[in-house]
Amino acid sequence: MKNIAPERGNLLVSEPSIIGDDSFSRSVVLLTEYNTEGVVGFILNKPLDFTLDELIPGISLKLEVYKGGPVETDNLYFLHNIPDLIPDSHLIENDIYWGGDFHSVSKLLHEGDITSDQIKFFLGYSGWDRNQLENELDSKSWVVVENKDSKNLLSDNMHDIWKKEMKNLGGEYELWSNAPENPSYN
């Protein structure tokens, strides 16, 4: 397995060794910022037990909301692929954007002009100072992989992305792809 350096647009795949970590066990994080000030990302595969219509009055779409990470969990964030409809969007890579004008998003949602494969919502985000993430990488808490699936990142079928990435890593990782979430249940 070739190690790659983290950068915006890469994925952080949690190592099996962090089982029991409530936030990051079996998680895959899309890095949306990676610079000298720190690192920001969103967990792609941890849906919460409620939908967007339960958070925002007047929204009829039952879009999944994901646990983006343990930081600022009272704030709603979003990734999308429609920067032409959402001003002030920030390109991550490969037609995936972060944030933008929420008034525009709200209007699109109220009018039904946005679909679940165009936007993904998160409560909270994952954040590290740069040295903190480097230390976690050195301690083998994460594997950095190239994002090869940008077109599907916004879809609801990303729940098994951790398992898929474990298989792609091969070797000892492939064994973990089929292991129960808590090995003591085996």
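Details of the structure are given in the entry above.
The model shown is predicted, which means the values in this text are computed figures rather than measured ones.

Draft legend 1. Fine view of the packing of aromatic side chains. This structure, assessed with the given rule, holds 10 aromatic pairs. Ring centres of F42 and Y77 lie 5.7 Å apart, and the angle between their planes is 50°; on these two criteria the pair is classed as tilted. Of the two residues, F42 sits in strand β3 (residues 38-43) while Y77 sits in strand β6 (residues 71-80), which places them 35 residues apart along the sequence. Residue F42 is classed as buried on the basis of its relative accessible area, which comes to 0%. For Y77, a relative accessible area of 16% puts it in the buried group. Ring geometry for W128 versus W142: centroids 5.9 Å apart, planes at 90°, classification edge-to-face. Here W128 is found in strand β9 (residues 119-128), whereas its partner W142 is found in strand β10 (residues 142-145), with 14 residues between them in sequence. Residue W128 is classed as buried on the basis of its relative accessible area of 5%. Here a set of aromatic residues connected by ring pairs shows up, and it is made of F42, Y66, Y77, W98, F122 and Y125. Geometry around Y66 places K120 over its ring, the cationic atom sitting 4.3 Å from the centre.

Calculation rules
Residues numbered from 1 in each chain as written. Predicted model: local features only at pLDDT ≥ 70, side-chain atom pairs only at ≥ 80, totals over all residues. Heavy atoms only, no water. Phe/Tyr/Trp six-rings, centres within 6.5 Å; stacked < 30°, edge-to-face > 60°. Helix = DSSP H or I, 4+ residues; strand = E, 2+ residues; numbered from the N terminus. Buried < 20%, exposed > 50% of the residue type's maximum accessible area, 1.4 Å probe, protein only. Lys NZ or Arg CZ within 6 Å of the ring centre and 35° of its normal.

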